[in-house]
Amino acid sequence: MTSEGKTYTRDPDGLSCLSCPVRSLCLTAGLPLEEMALLSDIVRPAITLRKRETLMAQGTVLTSLFAVRTGSLKQVVTTDSDEYLVTALCLPGELAGLDAIAKGVYPGSLVALETTTVCEIPYGQLVQLCDRSAGVCQRIQRSLSQELHDERLSLHFLLHRIAEVRLACFLAAISERFRRRGYSPHRFQLAMSRSDMASYLGLTPETVGRVLVKYQQQQLLELQGREFRILDLERLNRLAEANGRRHRQQFS
């Protein structure tokens, strides 16, 4: 596969959907074996990306959706004024490229945050499969619904909450996403840089750093490099649910 003239490594002997360790989180979740096998038949061999490598460039015509198997991706949008915006984070089992369906082009570049493997699902073949498999069609609808929910929630806390609450919302959501994947909600690796977090949350890197220091002083979490250890998830969730400036002093 190529993007912007680059060639990426494929694993021709990789796992099928039937043996993939994240199949319970992907499109295959809950599918009967027959339908899972049909989906597996159209999935192309896995692509391995190195850190900072671009999978698909912004504006490229939609050809495929991508299921993250290991690692993580960010979506980066460059505006007409050359502003750099991080608009999405994809973890194992999640689909990248869903927001390209409406206009037929990828609205942002998909970039690996770390060494990452993704399964490529050709979009045209997936549409044809949906006509044959009600289960696959329902999974696509659920993924689109989740994407819409996440976007609206993200917009809500960006518009109405202060920095401390925005970052708490983000970390609480990441914790929950890891929990759904069978990992610890209290301790996880997050490959996003402070600058990427800041862009995603509409803050400055300095503000993100200041708030993280404050959280550590309050014994909400511990940080060691990219590893986050949440010490008081209940209190972090309460902060995430706080209503902006009116509750600011409660967590000072």
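Residues numbered from 1 in each chain as written. Predicted model: local features only at pLDDT ≥ 70, side-chain atom pairs only at ≥ 80, totals over all residues. Heavy atoms only, no water.

(A) The arrangement of the pattern of salt bridges in detail. Summed over all chains, the structure comprises twelve salt bridges. In this structure, Glu-176 and Arg-180 form a salt bridge, with 3.9 Å as the shortest nitrogen-oxygen distance. Highlighted residues: Glu-176 and Arg-180, both in helix α4 (residues 163-180), separated by four residues, approximately one helical turn. A salt bridge links Arg-238 to Glu-234; the shortest N-O distance between them is 3.8 Å. With Arg-238 and Glu-234 both in helix α7 (residues 233-240) and four residues apart, the pair spans about one turn of that helix. Residue Arg-238 is classed as partly exposed on the basis of its relative accessible area of 41%. Taking relative accessible area as the criterion, Glu-234 reaches 58% and is therefore assigned exposed. (Salt bridge = Lys/Arg side-chain N within 4 Å of Asp/Glu carboxyl O. Helix = DSSP H or I, 4+ residues; strand = E, 2+ residues; numbered from the N terminus. Buried < 20%, exposed > 50% of the residue type's maximum accessible area, 1.4 Å probe, protein only.)

(B) Here's a closer look at the side chain of Glu-94. Secondary-structure assignment places Glu-94 in the loop between β8 (84-90) and β9 (95-96). Looking at Glu-94, its side chain comes within polar contact range of the side chain of Arg-177, at 2.7 Å. Discounting chain neighbours no more than four positions away, the residues touching Glu-94 are Phe-66, Ala-67, Val-68, Leu-89, Arg-177 and Arg-181. (Polar contact = N/O pair within 3.5 Å; in protein donor to acceptor, adjacent residues only side chain to side chain. Contact = heavy atoms within 4.5 Å.)

(C) Structural view of the sheet that holds strand β14 (residues 227-230). Strand order in the open sheet made by the three strands is β12-β14-β13, with antiparallel pairing throughout. The open sheet has two free edges, formed respectively by β12 (187-189) and β13 (221-224), since each of these has just one partner strand. Each strand axis lies, on average, 15° off the axis of its neighbour in the sheet, ignoring direction. With respect to the sheet, α4 is in contact with β12, β13 and β14, its orientation differing from that of β12 by roughly 95°. (Pairing = 2+ DSSP bridges. Axes fitted to C-alpha atoms, helices over the stretch in contact; angles between N-to-C directions.)

(D) Representation of the packing of α4 against helix α6 (residues 205-217). Two elements in contact, α4 and α6, have axes whose closest approach is 10 Å; the angle formed by their N-to-C orientations is 75°. When the interaxial angle is binned, α4 and α6 end up roughly perpendicular. Across the interface between the two elements, Ala-163, Glu-164, Val-165, Leu-167, Ala-168 and Leu-171 from α4 touch Thr-207, Val-208, Arg-210, Val-211, Leu-212, Lys-214 and Tyr-215 from α6. Looking at the contact of α4 with α6 residue by residue, the classes come out as nine nonpolar, one polar and three charged. (Parallel < 35°, antiparallel > 145°, perpendicular 65-115°, else oblique. Nonpolar A, V, L, I, M, F, W, Y, C, P; charged D, E, K, R; others polar.)

(E) Region of interest: the packing of aromatic side chains. In the structure shown here, the tally under the stated rule is five aromatic pairs. A ring pair is formed by Phe-188 and Phe-228, whose centres lie 5.9 Å apart and whose planes are at 10°; its orientation type is stacked. Note that Phe-188 is positioned in strand β12 and Phe-228 in strand β14, a separation of 40 residues in sequence. Overall, Phe-188 belongs to the buried group, its relative accessible area being 4%. The class for Phe-228 is buried, based on a relative accessible area of 1%. The rings of Phe-178, Tyr-183, Phe-188 and Phe-228 are connected pair by pair, giving a single aromatic cluster. (Phe/Tyr/Trp six-rings, centres within 6.5 Å; stacked < 30°, edge-to-face > 60°.)

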